[in-house]
Amino acid sequence: MAQPIDPKSGHKSQSSGAGGQAKPSVDAFYHRAVAAFKAQNYDLALACFQRLGQLPPSSPYYLKALIGQVRVHQRLGQADQARRLCRQRLDSPSPQVRQWANRTLDQLAEKTAAPILSNPPENTGSTGISPASTSPASTSPQGTDLSGFVPLEKAEGVPPRLPAPAPQSGVAKSSSAKSSRDGAAPETTNLVAEPISPPDGLDPDPRSLFHYQQLNQSPGADPDGADLTSSEALTAAPADPVPPRASSPPKSASPRPSPQRPRPQDPLPKWPLMLWLGQGLTAIALGWAINWAFHFTLRTVDGLLRWMRWPVRLSLPDAYQSYTVWVVAGLVLLALTSPWLIDFALTTWYRQRPLSIRQLQTHRPGTLRLLRQTCRQQGWQMPELRLIADSAPLCFSYGWLPRNSRIVISQGLLDQTSDEVLTALYGYELARMVNGSLPVLSAIGLLLLLLHSGYRWLAQRADGLAQPLARGLVGSTATVLYGLFWLLRQGVLWLSRLCCRWADRRAVALTQPPDSMPSQMLEAWVQVTEAIAAHLQQHSVLHPLHTSLEVLMPVSSRQAIAPGSVMAASTGDRADVLSTLVTVDGLNPYRQWLRVNASHEPLGERLLWLNQQALQRNQPGLALPSQPTAPVAKVSLPLLLLQKGPLAGLLAGGGLAMGLWFVGGIVNRLGWQRLSWLYQDPSILWGGLWLGLGLGLLLRINGLFPESARARSTDTVAALLQQQPSLPVQGQPVTLRGKLRGLGGTGNWGCQDLYLDDSSGLVKLVNPVALGSLQGLLQSSNHPFNWIGRMVTVTGWSRYGGGMLWVDINQVQLDQRHRFFTYGPLWATALSVGSCLIGILTIFRGG
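Just so it is clear, the structure is predicted and the values come from calculations on it, not from any experiment.

So, the overall build of the protein chain
Counting secondary structure elements, the protein chain contains 31 helices and ten strands. Going through the 847 residues of the protein chain one by one, you find that 51% of them count as buried. If you sum the accessible surface of the protein chain, you get close to 38,500 Å²; carbon and sulfur atoms cover 60% of it.

So, in structure tokens, the structure goes:
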């Protein structure tokens, strides 16, 4: 394993670190790679060049490492790897880099039929390495080094390159939990590449050691386009541009260039007024909705009691009085007591217990250091730390003031993650406290927890009943509770996304350079994503808290299922999966319109932003390919209107009604009685809205449920993740075969907790019928919840939106005799036609 690098000098330092090992500089490490190449120790040379290639693109050694890897691959006869590295440079903004890549590719094409170990043609001015003999580190009688690596001082006519700024010190090491479990080298398995230097910093020597004159004569510019953002190849990435790097003055008396100061992040406001305004609006809207639902339920029950004939007259006393004050007072009291009520619920149901400072100091000293530093800066007391004794990857916080907030972590994350990853998770939760985004979400989280727990408890009781009628009644009550949970969750998704976006940015702003919070958060989100999918595969169901308290988690469990399982099942580098996420989430031109059902910002978009912040701080970022896996689409207004068909129909119907009202008002003034009835007729408005909704639903049925023109072949989850269209309305017919996972019994009547696990990953299965729970009640003997853990074949339509991959079910087949159909197109057609008929009847009846 390579020695750590000392940023102080180009030789081994006289002082030793904690481990007693001397630290060579980047220059010395590079010379070691060159020496290994001369000695024909190509394995060591390739390992050294690959490690140097993990430096940020702003480093002057980044391109040198790339050229060195190409030359080693040529000597080893690995032409494909050399071509791949050269093709990555074809889109570089530097014309010299593109010229070198093209010439090298031409050389590789000319030598296809020649032996790989033959001497390359003379082209010292374009390839960066002079022709060399294959003999070890030999020199000519004249003293010329024939290895091909010519120092700048020995190259004739090559002016010295001006010193480039050195990266900021303090890059923290970030390791992958998966690589540590498997025992693989972090240089090849880590997504967040391990930096060459320890937190003391880097000392890249600005002198060019390759005989590549055109690149060496560019003193003020980075040959690899380092003045671009971190996602230079992702052309449409929503990123803040990094200002060009100014050229440093030539070396004088000081042997070391001045350290580079990274571009500071735009400061976040101390008081996030927009976030607080969003919380206030959400609280008012949900309070009004809960108050309306309470009064509506009360009066509906009273009307049913009066409608039915009883031996005695039954009714609810004072059912038509207003209880608004009592409802609002109850909600405020519930919000104020929510921390202690959640404490009681988690302690009773999930074995929550306090996590002492001594335990955290023993196992995670870096995490405790961040907690104390942030609390001291904010003038807080230390928040209460809690631990849930469960292997599931759980992390969330709740409370309405910092002094009574709790940060909860599970035993699984405490045992399996590194100090850096756990520090990033705690930093995210501290950022939520600094933003003040917990009060509303904590109060709503308590309601979500109670509704979801009640639904699961009733579903379990229903499964234990032998009487079909009793089982149906209890199961129906559980379904109603789940419906209320779903509605409440939908009402808070917008606020959850807003809090997630602010928490990411505040967590980075809390730790200014040289701290490595962006790199740690990158690795943390990837590891938690994999851990959620692994827990689902192991236990067949998501942890109940992943569903009920998803809005309080740092990573959405629904978004983590497909990419996390594909990364865990992939034998190659997970960078390909993350590149796909960045493309479909961060570069999708429709991404702003596809987040209605998402509780968090799409994972790819979050990783792209964090990657930019990490590279701006000279920290290791994502190891993404140089080009996106799919071309960036352009916005198509017809497709967007098709995706938002119901909304567009409502707007069109309402606009048409307003137009008719306007016409009615004009002709009323003119005395045209035959058309004056249009003026302010409520049936026109309501009928137009119903008619517009029905037409909007009807027009997109063919796009939602297309027929497959080809013979159906078995797809894989990994292929679905790689080949997703831009919009969910462009659903593709798929056929999948794998093991069915999810919740068995009454709790899964509507297929709300159903997944398919094939050899490549997991995907969520969705019943496209709005009232799909009725199928579980009426077809309980032939329903997928009876086939959990068995191999099935699923046909349907794959969709991707808001960072989530799912498949709308058309048919689930266990064998030739056992099949389950959803009849999604039929239900969608009936719903749209019914809406149109209601609108037409409303208009004809008048108002």
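Re the pattern of salt bridges
Going through the model one piece at a time under the given rule, you end up with 14 salt bridges. In this structure, Arg 386 engages Asp 343 in a salt bridge whose closest nitrogen and oxygen atoms are separated by 3.4 Å. In this pair, Arg 386 is assigned in strand β2 (residues 384–388) and Asp 343 in helix α12 (residues 338–350), connecting sequence segments 43 residues apart. For the pair shown, Arg 386 and Asp 343 are each scored as buried. Measuring nitrogen to oxygen at the nearest pair gives 3.9 Å for the salt bridge that ties Glu 384 to Arg 406. Of this pair, Glu 384 sits in strand β2 while Arg 406 is found in strand β4 (residues 406–410), placing the two residues 22 residues apart along the sequence.

Quick notes on the packing of helix α1 (residues 26–38) against helix α3 (residues 61–75)
Running from N to C, α1 and α3 cross one another at 15°; their axes reach a closest spacing of 11 Å. Classified by the angle their axes make, α1 and α3 are roughly parallel. The interaxial crossing formed by α1 with α3 has left-handed handedness. Only Tyr 61, Lys 64, Arg 71, Val 72 and Arg 75 of α3 make contact with α1, whose side of the interface consists of Val 26, Asp 27, Tyr 30 and Phe 37.

Some points on a nonpolar patch on the surface
The grouping of Phe 662, Val 663, Ile 666, Leu 670, Trp 672, Leu 675 and Trp 677 at the surface amounts to a nonpolar patch, some 740 Å² of accessible area in total. With four residues, the single largest contributor to the nonpolar patch is helix α25 (residues 645–670). Inspection of the secondary structure assignment puts Leu 675 in helix α26 (residues 673–676).

A word on the packing of aromatic side chains
Tallied over the entire structure, the rule returns eleven aromatic pairs. With centroids separated by 5.3 Å and ring planes inclined at 90°, the aromatic side chains of Tyr 428 and Trp 525 adopt a geometry described as edge-to-face. Taken together, the residues Tyr 428 in helix α16 (residues 419–435) and Trp 525 in helix α19 (residues 517–539) connect sequence positions 97 residues apart. Exposure class is identical for Tyr 428 and Trp 525. Each is buried. Taken together through their ring pairs, the aromatic side chains of Tyr 455, Tyr 482 and Phe 485 make up a single cluster. In this arrangement the basic side chain of Arg 406 is found over the ring face of Trp 340, its NZ or CZ atom lying 5.3 Å from the centre. Residue placement shows Arg 505 over the ring face of Trp 609; its charged tip is 4.4 Å from the ring centre.

Details of the packing of helix α2 (residues 42–52) against α3
Packing of α2 against α3 leaves a shortest axis separation of 8 Å and a crossing angle of 155°. Here α3 runs roughly antiparallel to α2, going by the angle between their axes. You can see that α2 and α3 cross each other, and the crossing is left-handed. Contacts between α2 and α3 involve Tyr 42, Ala 45, Leu 46, Phe 49, Gln 50 and Leu 52 from the first element and Lys 64, Ala 65, Gly 68, Gln 69, Val 72, His 73 and Arg 75 from the second.

A word on the sheet that holds β4
Judged by pairing direction, the sheet is mixed, and its four strands sit side by side in the order β1-β2-β4-β3 without closing on themselves. In this open sheet, the two strands that pair with only one neighbour each are β1 (352–354) and β3 (395–398). On average, each strand axis in the sheet is inclined to that of its neighbour by 30°, with strand direction left out of account. Across the sheet, α16 is in contact with β2, β3 and β4; its angle to β4 comes to roughly 155°.

Quick word on α3
In this model α3 runs 21 Å from its N-terminal to its C-terminal C-alpha over 15 residues, within 8% of the 21 Å that 1.5 Å per residue would give. Among the 15 residues in α3, 15 count as buried, and that is most of the element.

Things to note about the confidence of the model for the protein chain
Confidence in the prediction for the protein chain averages 76 pLDDT; 75% of positions are at 70 or higher. Ranking the helices and strands of the protein chain by mean pLDDT puts β3 first, with 96, and helix α9 (residues 213–216) last, with 32. Low confidence marks residues 1–23, where pLDDT is under 50. Its contacts with residues over four positions away, or in another chain, come to 52 contacts. Here residues 113–264 scores under 50 on pLDDT; set against residues more than four positions off or in separate chains, the count is 345 contacts.

Description of the nonpolar core
Core analysis: the biggest nonpolar cluster contains 75 residues, and Ile 409, Leu 425, Met 521, Trp 525 and Leu 765 have the highest contact counts within it. Every residue in contact with Leu 765, bar those within four places of it in the chain, is listed here: Leu 740, Cys 751, Leu 754, Tyr 755, Leu 756, Val 794, Val 807 and Ile 809.

Reading the values: the criteria
Residues numbered from 1 in each chain as written. Predicted model: local features only at pLDDT ≥ 70, side-chain atom pairs only at ≥ 80, totals over all residues. Heavy atoms only, no water. Helix = DSSP H or I, 4+ residues; strand = E, 2+ residues; numbered from the N terminus. Buried < 20%, exposed > 50% of the residue type's maximum accessible area, 1.4 Å probe, protein only. Areas by Shrake-Rupley, 256 points an atom, 1.4 Å probe, with all protein chains shown as cover. Salt bridge = Lys/Arg side-chain N within 4 Å of Asp/Glu carboxyl O. Axes fitted to C-alpha atoms, helices over the stretch in contact; angles between N-to-C directions. Parallel < 35°, antiparallel > 145°, perpendicular 65-115°, else oblique. Left-handed = near helix turned anticlockwise from the far one by under 90°. Contact = heavy atoms within 4.5 Å. Patch = residues over 30% accessible without salt bridge, like charges linked within 9 Å, V, L, I, M, F, W, Y side chains within 5 Å. Phe/Tyr/Trp six-rings, centres within 6.5 Å; stacked < 30°, edge-to-face > 60°. Lys NZ or Arg CZ within 6 Å of the ring centre and 35° of its normal. Pairing = 2+ DSSP bridges. Expected span 1.5 Å × (residues − 1). pLDDT = per-residue confidence, 0-100. Core = buried A, V, L, I, M, F, W, Y, C linked by side-chain atoms within 4.5 Å.

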